[in-house]
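Residue strings, one per chain:
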Amino acid sequence: MSGFPVTALRSVDLQVPDLATAERFYTTIWGLKVAARSGGSVWLHATGDDHHVLALHPGAQAAIRSVTFRAGDGGALHQVLGMALGQGASVLAAPAALEEPGGGLACTLRDPAGSVFRIVAGDERRAPDAPSRDAPDRLAHVNLNCRDVDATARFFEAGLGFRLADRSKLMAFERCNSDHHAVVLAEAPADGLNHVAFNMPGWECVMRGSGRMIDAGFPLAWGVGRHGPGDNVFAYFIDPFGIVIEYTAEVEQVGDDHVARGPSHWTWPPGRTDQWGIALPKPEATKKAQLAIRFA
């Protein structure tokens, strides 16, 4: 896979009103483990080699603070910074050593729509655990709400070096490696977080993790099913603070010869919401939750 200055989605920083409850939920129920604690915040890792995939910070209300992408190296980080500035981004933190668990060289940007992105290079990696049958191994994608999907897609492509994988009627799927998408941009009345997706080693892991969630009193918010764009299996849930999270697996792998398909390709028979035809229509409560979380 060639030509991507950003090589992966690394982590997401969330703000939560009850840190102890959040840590308990994301470790004992969702399947992550504590990587570090510092300054009243906690960093959580999956079974893969990322130092962490989720950071939790205390705050008055649930919000997203930032999305962190990994650059190939320091040169690629500076390349992305220049590209992003050329597309209207503002710098919240210039490239410098990151003074938090995981470290690395990092810069923080705000895009023209107000979303906050961090680019990191040379961050710590961990020895991966053996694959789990019911726990995430990494982040799969982040889905962001956009008042102007096409404008935000142009920023990701010209400003961050992503490539369009597919465009449905309401969403743009953007990639930075062989995964069909690392970012999904969804049409919405306000910018913010739609959901965070955690990758599972296989579809049965999605089912086992979902069973654990249901046993703990967290019902399915949508799914289980298989998406169209990306071909990934999905199961959506809502965390204790109203943040929508997803277990997913088997995302389509694409190469440099991949040709993006348009909205006319992604159509379903009446009443169907996924490839298999088994996922019920998304509940209104889930739709509402997917619009509720803003950038802090």
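Calculation criteria
- Residues numbered from 1 in each chain as written.
- Predicted model: local features only at pLDDT ≥ 70, side-chain atom pairs only at ≥ 80, totals over all residues.
- Heavy atoms only, no water.
- Helix = DSSP H or I, 4+ residues; strand = E, 2+ residues; numbered from the N terminus.
- Buried < 20%, exposed > 50% of the residue type's maximum accessible area, 1.4 Å probe, protein only.
- Pairing = 2+ DSSP bridges.
- Axes fitted to C-alpha atoms, helices over the stretch in contact; angles between N-to-C directions.
- Contact = heavy atoms within 4.5 Å.

S.K.: So, unusual backbone geometry: which residues are in play, and what are the values?
M.R.: Cis geometry marks the peptide bond from Gly 223 to Val 224; its omega dihedral reads 5 degrees. Tracing the backbone through its elements, the reader meets Val 224 in strand 14 (residues 222-226). The phi torsion at Asp 231 lies on the positive side, around 60 degrees, for a residue other than glycine. One can find Asp 231 in the loop between strand 14 and strand 15 (233-238). At Glu 250, a residue that is not glycine, the phi angle is positive and equals roughly 65 degrees.

S.K.: Run through the pairing of strand 1 (residues 6-16), naming residues and quoting values.
M.R.: Extensive coverage of strand 1 is indicated by the burial of 10 of its 11 residues. Here strand 1 runs beside strand 5 (residues 63-71); their pairing, made up of 8 bridges, is antiparallel. Bridge assignment links Ser 11 to a residue of strand 5, and that residue is Thr 68. The pairing of strand 1 with strand 4 (residues 54-58) spans 5 bridges and is parallel. Paired with Asp 13 across the strands is Ala 55, a residue of strand 4.

S.K.: Break down the sheet that holds strand 13 (residues 192-199) for me, citing the residues and quoting the values.
M.R.: Whether parallel or antiparallel, the strands of a sheet pair through hydrogen bonds between backbone atoms. Strand order in this open sheet of 8 strands is 10-11-12-9-13-16-15-14, and the pairing throughout is mixed. Two strands bound the open sheet, and with one partner strand each, they are strand 10 (163-167) and strand 14. The mean angle between the axes of side-by-side strands here comes to 20 degrees, regardless of whether they run parallel or antiparallel. For strand 15 and strand 16 (residues 244-249), the ladder comprises 6 bridges, and the chain directions are antiparallel. Across the sheet, Tyr 236 pairs through a bridge with Glu 246, a residue of strand 16. Set on the sheet, helix 3 (residues 149-160) makes contact with strand 9 (138-146), strand 10, strand 11 (171-175) and strand 12 (183-187); between it and strand 12 the angle comes to about 160 degrees.

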